[in-house]
Amino acid sequence: MKSTSTSERAAVIGAGPNGLAAAVTLARAGLEVTLYEAAGTLGGGLRSVPLFEPDIVHDICSAVHPLAAASPFFRAFDLARHGVVLITPELSYAHPLAHGRAALAWRDLRATAEGLGAVDGRAWTRLMEPLVRRSDAIVQLLLSDLRRPPTDPAVPLLLATRLLRHGTALARHQFRGDEAPALLAGVAAHVVGPLPSLPGAGVAALLGHLAHAGGWPVARGGSGSIARALAADLTAHGGTVHTGTRITDLREVGDAGIVLADLGPHEFSRLAGPRLPIRYARGLASLRYGPAAAKTDFLLSERIPWTNPALRRAGTIHLGGSAEEVYGQETLNARGMRTDRPFVLLADPVAVDSGRGRPGAYPLWAYAHVPQGSPGDAAAEIVALIEEHAPGFRDTVLAQRSLSAPQLEQYNPNYVGGDISAGAMSLTQSFLRPTPRAPRLDPYRTPLPGVYLCSASTPPGPAVHGMSGYLAARSALRRELGIRLPRVPTRAEGRG
């Protein structure tokens, strides 16, 4: 490093995917970067650890990575070049229905349409094919800071028509059968909020079309491989990593000229204390948190005994019944009413990465959506819902570990009340996070000199894409040092 002046020293607080992306970006720009992580291991939502058997790895938070495969940051970083193998299944996701039926979203759009029947197959193709054709432009828009015009002016209209059809009461009239609505409702439920809704339709358009474009891959060996690759690149560019180091006051990072915080508004406000101007502090406090997740990890003696054998090929399975049932459960959940039939998201890594299990020991990952801050785990409800479509599942469970919504917040303070989206994905908050009542043109810059936010509470929001970290680092480099990086990272930059 040629210089160690204050202006060229940077500190990053929090080593989730966005903190790691920010640290890598700053280090590649030539800064001396120090990364602080409170936990004993890096990764945040990318951690993978053995829970029950030393040779069986479980993903603790995120397990399936359509947005990592599509993200401009990760494409520029080039995960494969850094030893990360994303394995993409032929069957992106599935949604079991009554009487052994299942709606199947194949990566092949034509195969998906054929499985939905003549009428609904044509409707599904009309919905998804234009999105697949413009996938890069859609990803660039929805994984941006949401403050600037799109590169492709046709994309907003393309998205708007789909949001109005599938994010309003019109959603109930777009298909004739049960399968297509269930596929779309299951993806929309990733927004973790009332349905149908415009934000839910936006998530369905993004993740739904990626099922037929880049696919829904898993990282070979577990999500932690992505975090390790980012950390290795950071240290290769001169960065320093401190794990087990909880920052309790911003002044603890020393004389760093740039500070990026992969923290939610609550945690950041605690660190900044009275230094924050009142208006900005109130803006951060106005971020509303949404419904929560309750997670259970299982170790199974055999693969899930699905009634429909096609489900064994899906890395991701949505459980929640028909589209109407999913809409009803998610809406009740958003109103704080817990039920015994929550929407459940399963990730079966062995369906995609056979090396994740061995005979007699298979990992299974499961989230149930529950109300904000809801006490108690959801293991019983998750098991019951799986049993409906896989009788005998209970008998395969060798071990399980459950986390309630409050326990998820203990694991990661950014998940306030168990909200893994780090702020409700309402229409307003999707665009105006992290300060919805005091919106800023630059959502990453704080009023404190040289201090920026880069967590999932900033645009573009939750999921493993690294773009909040990249865009925050880009803003800091431009404003503090006059270094200009492209809005969308280029592959040439990624190989720097």
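Since the model is a prediction, treat every value here as computed from it, not as a measurement. (Residues numbered from 1 in each chain as written. Predicted model: local features only at pLDDT ≥ 70, side-chain atom pairs only at ≥ 80, totals over all residues. Heavy atoms only, no water.)

Engineer: Even after reading the chapter, I still don't get the layout of surface pockets, so can you show me in this structure?
Structural biologist: A water-sized probe rolled over the atoms picks out the places where empty space is left. Approximately 250 Å³ is the volume found for the second largest pocket. If you trace the second largest pocket, you find 14 residues lining it, with Ala-68, Ala-69, Arg-75, Leu-79 and Leu-86 closest to the centre. Contributions of two or more residues to the lining of the second largest pocket are made by α2 (66-70) and α3 (72-77). For the lining of the second largest pocket, a count of residues per class yields eight nonpolar, two polar and four charged. (1 Å grid on protein atoms, 1.4 Å probe; cavity = no way out; pocket = protein on both sides within 12 Å on 5 of 7 lines; lining within 4 Å. Points joined across faces, edges and corners; volume = space filled by probe spheres on them. Helix = DSSP H or I, 4+ residues; strand = E, 2+ residues; numbered from the N terminus. Nonpolar A, V, L, I, M, F, W, Y, C, P; charged D, E, K, R; others polar.)

Engineer: How should I be thinking about helix α12 (residues 278-285) in this particular structure?
Structural biologist: An α-helix turns once per 3.6 residues; consequently, residues spaced three or four apart project the same way. Listed as buried for α12 are Tyr-280, Gly-283 and Leu-284. On an axial view of α12, the arc spanned by its buried residues comes to 100 degrees, and they lie on one face. Facing away from the buried side of α12 by over 90 degrees, the exposed positions are Ile-278, Arg-279, Arg-282 and Ala-285. Taken together, the buried residues of α12 touch α11 (265-272) and β16 (451-453). (Buried < 20%, exposed > 50% of the residue type's maximum accessible area, 1.4 Å probe, protein only. Arc of directions from axis to C-beta. Contact = heavy atoms within 4.5 Å.)

Engineer: Can you help me understand the packing of helix α5 (residues 118-133) against helix α7 (residues 154-166) in this one?
Structural biologist: Each pair of packed helices can be described by the angle between their axes along with the distance between the axes. In contact at an axis separation of 11 Å, α5 and α7 are set at 150 degrees when each is read in the N-to-C sense. The angle between α5 and α7 falls in the class roughly antiparallel. In this structure, α5 crosses over α7, and the sense of that crossing is left-handed. In contact with Arg-126, Leu-127, Pro-130 and Leu-131 of α5, α7 contributes Leu-158, Leu-159, Arg-162 and His-166. (Axes fitted to C-alpha atoms, helices over the stretch in contact; angles between N-to-C directions. Parallel < 35°, antiparallel > 145°, perpendicular 65-115°, else oblique. Left-handed = near helix turned anticlockwise from the far one by under 90°.)

Engineer: So what exactly am I meant to see when it comes to the packing of aromatic side chains here?
Structural biologist: Counted by the stated rule, this structure contains seven aromatic pairs. Centre to centre, the rings of Phe-73 and Tyr-470 are 6.3 Å apart; their planes meet at 40 degrees, and the pair counts as tilted. Remark: Tyr-470 occurs in helix α17 (residues 467-481) and Phe-73 occurs in helix α3; sequence separation between them is 397 residues. Owing to a relative accessible area of 4%, Phe-73 belongs among the buried residues under this scheme. Geometrically, the ring pair formed by Trp-365 and Tyr-367 is edge-to-face, given 4.6 Å between the ring centres and 80 degrees between the ring planes. (Phe/Tyr/Trp six-rings, centres within 6.5 Å; stacked < 30°, edge-to-face > 60°.)

Engineer: I keep staring at the side chain of Arg-162 and nothing clicks. Help me out?
Structural biologist: Tracing the sequence through the fold places Arg-162 in helix α7. For Arg-162, which is buried and forms no salt bridge, the nearest opposite charge comes from Glu-129, at a distance of 8.6 Å. Within the structure, the side chain of Arg-162 is placed 3.1 Å from the side chain of Thr-161, a separation counted as a polar contact. Not counting chain neighbours up to four residues away, the residues in contact with Arg-162 comprise Arg-126, Leu-127, Pro-130, Leu-131, Gly-167 and Ala-201. (Lys, Arg positive; Asp, Glu negative; His and termini not counted. Salt bridge = Lys/Arg side-chain N within 4 Å of Asp/Glu carboxyl O. Polar contact = N/O pair within 3.5 Å; in protein donor to acceptor, adjacent residues only side chain to side chain.)

Engineer: Would you mind going over the nonpolar core with me for this structure?
Structural biologist: One recurring pattern in soluble globular proteins: nonpolar side chains tend to sit buried together. If you look at the biggest cluster of nonpolar residues, it comprises 101 residues, and the most contacted ones within it are Leu-26, Val-33, Trp-124 and Leu-260. Once residues within four sequence positions are removed from consideration, Trp-124 is found in contact with Tyr-93, Leu-109, Thr-112, Leu-116, Phe-175, Ala-180, Leu-183, Leu-184 and His-212. Residues Trp-106, Ala-292, Val-350 and Tyr-362 belong to the second largest nonpolar core, which totals 32 residues. (Core = buried A, V, L, I, M, F, W, Y, C linked by side-chain atoms within 4.5 Å.)

Engineer: Hey, could you run me through the pattern of salt bridges in this one?
Structural biologist: Two side chains carrying opposite charge are able to pair once their charged atoms lie near each other. Within the structure shown, the criterion is met by 24 salt bridges. Note that Arg-313 and Glu-90 form a salt bridge whose closest N and O atoms lie 3.0 Å from each other. Placement of the pair is Arg-313 in the loop between β11 (292-300) and β12 (314-319) and Glu-90 in the loop between β5 (86-87) and β6 (91-96), with a sequence separation of 223 residues. Judged by its relative accessible area of 43%, Arg-313 is partly exposed. Using a relative accessible area of 56% as the deciding quantity, one classes Glu-90 as exposed. For Glu-179, the salt bridge goes to Arg-101, with nearest N and O atoms at 3.3 Å. Taken together, the residues span a long stretch of sequence, with Glu-179 in helix α8 (residues 179-188) and Arg-101 in the loop between β6 and β7 (102-106) at a distance of 78 residues. Given a relative accessible area of 31%, Arg-101 falls into the partly exposed group. Among the charged side chains, a network of salt bridges with common partners joins Glu-53, Asp-55 and Arg-358.

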